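The primary structure of each chain is shown beneath.
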Amino acid sequence: MDIRNLDYNELENYLVRIKEPTFRTKQLFSWLHARQITDLGEAHNVGKKLLQNLAADGYNLENPEVKQRFVSKDGTEKYLMALSDGALIESVLMRYRGDYSKQRNTLCVSSQVGCAMGCVFCATGHQGFERNLTTEEILAEIYTANGIVKANEQNQEIRNIVFMGMGEPFNNFDNVMKAIRILCHPFGMNLSPRRITISTCGVVPKLIEFADLDTDVGLAISLHASNNRDRDALMPVNHAYPLESLIEACEYYEKKTKKRISFEYALIENVNDQKKHVDELKSLLKNLDCHINVIPVNTVSHNKTLLRPDRQHIHRFIEMLRAAGIGASVRQEKGADINGACGQLKTDYSQAH
Ligand code: SAH
Ligand code: SF4
């Protein structure tokens with residue numbers, strides 16, 4: 001069993017139970033979550049007895065195996081990782097070069113193997129649902145990617161996380177939230193919750209639970225349509241939680257947390273890219289202080305009819321949104337030459353092996 005399943009308090013309780021001195025908790029926790037060792041034996045100053053006890057209690061570290069690594073011309077990297085049972089997930093490292101001496105490295109993390117939500121434009125959705133990632137698998141995914149970043153470039157590390165990889169994070173709520181707590185622990189990676197974003201297709205009851213937690217973790221909603229008829233056709237989740245209930249939950253979130261939501265909108269030619277859609281969005285979002293990220297859709301191999309509008313039209317759509325008083329921008333395209341949206345890499349890999 002991977003010991004990274006234990007949060008700080010649980011680790012402390014365990015160490016007390018096996019009669020270790022209390023300072024060991026901080027020591028071991030930092031080895032695991034700050035230095036991110038890949039083998040317990042690397043924690044050389046915690047004492048032989050503790051290492052023996054850990055082994056006797058069946059504790060270890062189970063790291064994913066990086067099966068493939070792609071590096072894009074723009075610096076984006078994509079990793080295909082096999083979990084200990086062979087299940088495959090993808091993570092994407094995005095680099096944003098700003099004015100800072102350090103560039104911002106953001107990891108797009110998978111929370112599930114596959115996804116049950118079946119959005120028609122999504123390669124992961126097409127694979128169906130296999131299983132949830134455990135807390136420790138989510139952490140090991142992040143630490144493995146961070147290890148690659150640190151090994152390749154001095155002074156670089158991952159400080160931003162988005163749950164926009166494979167899977168629906170709100171369908172794996174407890175493990176995702178526990179992983180976030182550990183990532184933000186001061187003796188661990190010490191990430192700021194503000195630098196973590198969860199993206200959801202709109203699982204309303206979990207969205208409300210998330211709002212009630214009132215954390216500083218960011219929220220992105222995959223909207224993709226401006227009316228129920230279109231959204232029903234693109235995202236089956238809309239049958240269970242139609243737009244009225246989703247927007248009501250978003251308004252509740254905003255009131256509760258005082259945070260701005262960002263909406264993702266995959267722009268699809270002749271499906272959701274017309275003036276009437278902008279008008280519908282304007283009335284739908286009228287009570288929200290939000291921002292729309294327009295993502296030119298990545299055409300997936302299982303559905304070639306969903307096409308990306310041309311550049312000019314994307315630009316026009318953004319202008320129409322802004323004219324309607326909605327903050328909007330195009331999601332910078334990252335790693336277009338290394339296999340588009342999440343899920344596509346695994347699809348290709350699975351078909352070839
Ligand atoms: N399940 C969550 C998070 C993972 S998907 C969610 O749906 O929000 C991350 C983002 O990529 C979502 O906004 C999703 O709708 C979008 N996406 C999936 N497939 C896409 C595609 N082919 N083109 C553009 N965006 C896509
Ligand atoms: Fe699942 Fe998100 Fe893909 Fe929809 S877009 S199928 S919720 S991963």
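Residues numbered from 1 in each chain as written. Chains lettered and ligands numbered in written order. Predicted model: local features only at pLDDT ≥ 70, side-chain atom pairs only at ≥ 80, totals over all residues. Heavy atoms only, no water.

Draft legend 1. Spotlight on the packing of helix 5 (residues 135–152) against helix 6 (residues 173–183). As a packed pair, helix 5 and helix 6 sit with axes 8 Å apart at the nearest point and diverge in direction by 50 degrees. Considering the angle they form, helix 5 stands oblique to helix 6. Helix 5 and helix 6 meet at a crossing whose hand is right-handed. Across from Thr135, Ile138, Leu139, Ile142 and Tyr143 in helix 5, the residues of helix 6 making contact are Asn175, Val176, Lys178, Ala179, Ile182 and Leu183. Across the contact of helix 5 with helix 6, the residue classes tally to eight nonpolar, two polar and one charged. (Axes fitted to C-alpha atoms, helices over the stretch in contact; angles between N-to-C directions. Helix = DSSP H or I, 4+ residues; strand = E, 2+ residues; numbered from the N terminus. Parallel < 35°, antiparallel > 145°, perpendicular 65-115°, else oblique. Left-handed = near helix turned anticlockwise from the far one by under 90°. Contact = heavy atoms within 4.5 Å. Nonpolar A, V, L, I, M, F, W, Y, C, P; charged D, E, K, R; others polar.)

Draft legend 2. Summary view of the site of ligand 1. What surrounds ligand 1 is a group of 17 residues, the closest being Phe121, Ser199, Ser222, His224 and Asn298. Between ligand 1 and the protein, one listed contact pairs an oxygen atom with a side-chain N or O atom of Ser222 at 2.6 Å. For ligand 1, a nitrogen atom lies 2.9 Å from a polar atom in the backbone of Asn298. A per-class count over the shell around ligand 1 returns eight nonpolar, seven polar and two charged. (Near = heavy atom within 4 Å. Polar contact = N/O pair within 3.5 Å; in protein donor to acceptor, adjacent residues only side chain to side chain.)

Draft legend 3. Local environment of the site of ligand 2. With respect to spatial proximity, the complete set of residues near ligand 2 consists of Cys115, Met117, Gly118, Cys119, Cys122, Gly125, Gly167, Glu168 and Cys201. The residue makeup of the shell around ligand 2, split by class, is five nonpolar, three polar and one charged.

Draft legend 4. Quick look at the packing of aromatic side chains. A full pass over the atoms with the stated rule returns seven aromatic pairs. Where Tyr8 meets Phe29, the ring centres are 5.0 Å apart and the plane angle is 75 degrees; that geometry is what we call edge-to-face. Placement of the pair is Tyr8 in helix 1 (residues 8–17) and Phe29 in helix 2 (residues 23–33), with a sequence separation of 21 residues. The burial state of Tyr8 is the same as that of Phe29; both residues are buried. Each ring, one from Phe170 and one from Phe210, has its centre 5.4 Å from the other, and the planes form 50 degrees; the classification is tilted. You can see Phe170 sitting in the loop between strand 7 (160–163) and helix 6 and its partner Phe210 sitting in helix 7 (residues 204–213), a full 40 residues away along the chain. Classification of Phe170 by relative accessible area gives buried; the value is 3%. Among the aromatic side chains, those forming a connected cluster through ring pairs are Phe170, Phe173, Phe210 and Tyr253. Note that Arg35 overlies the ring of Trp31, its terminal NZ or CZ placed 4.1 Å from the centroid. Here the basic side chain of Arg104 rests over the ring of Tyr96, its NZ or CZ set 4.7 Å away from the ring centre. (Phe/Tyr/Trp six-rings, centres within 6.5 Å; stacked < 30°, edge-to-face > 60°. Buried < 20%, exposed > 50% of the residue type's maximum accessible area, 1.4 Å probe, protein only. Lys NZ or Arg CZ within 6 Å of the ring centre and 35° of its normal.)

Draft legend 5. Broad picture of the state of the cysteines. According to the stated counting rule, one finds zero disulfides in the structure shown. Sulfur of Cys250: no disulfide; nearest cysteine sulfur belongs to Cys290 and is 8.7 Å away. With a relative accessible area of 0%, Cys250 lands in the buried category. (Disulfide = S-S within 2.5 Å.)

Draft legend 6. Geometry of helix 10 (residues 243–257). Its 15 residues place the ends of helix 10 21 Å apart at the C-alpha level, agreeing with the 21 Å of an ideal helix rising 1.5 Å per residue. Buried-residue contacts for helix 10 involve helix 7, strand 9 (218–222), helix 8 (228–234), helix 9 (237–240), strand 10 (262–267) and helix 11 (275–284). The positive-phi residue at the C-terminal boundary of helix 10 is Lys258, with phi of around 60 degrees. (Expected span 1.5 Å × (residues − 1).)

Draft legend 7. Geometry of the environment of Asp2. Within the element layout of this structure, Asp2 appears in the segment before helix 1. Residues Asp2 and Asn13, spaced 11 residues apart in sequence, show a C-alpha to C-alpha distance of 16 Å. The contacts of Asp2, once residues within four sequence positions are left out, are Tyr59, Asn60, Leu61, Glu62 and Glu136. Side-chain polar atoms of Asp2 contact the backbone nitrogen of Arg4, separated by 2.8 Å. Looking at Asp2, its side chain comes within polar contact range of the main-chain nitrogen of Glu62, at 2.9 Å.

Draft legend 8. Summary view of the sheet that holds strand 11 (residues 291–296). On the basis of which strands lie adjacent, the open sheet formed by 10 strands has the order 1-2-3-4-7-8-9-10-11-12 and mixed pairing. Only two strands of the sheet have a single partner each, and these edge strands are strand 1 (65–71) and strand 12 (327–330). Direction aside, neighbouring strands of the sheet carry axes that sit 20 degrees apart on average. Here strand 10 pairs with strand 11 via six bridges, running parallel. Bridging across to strand 11, Glu264 finds its partner in Asn293. (Pairing = 2+ DSSP bridges.)

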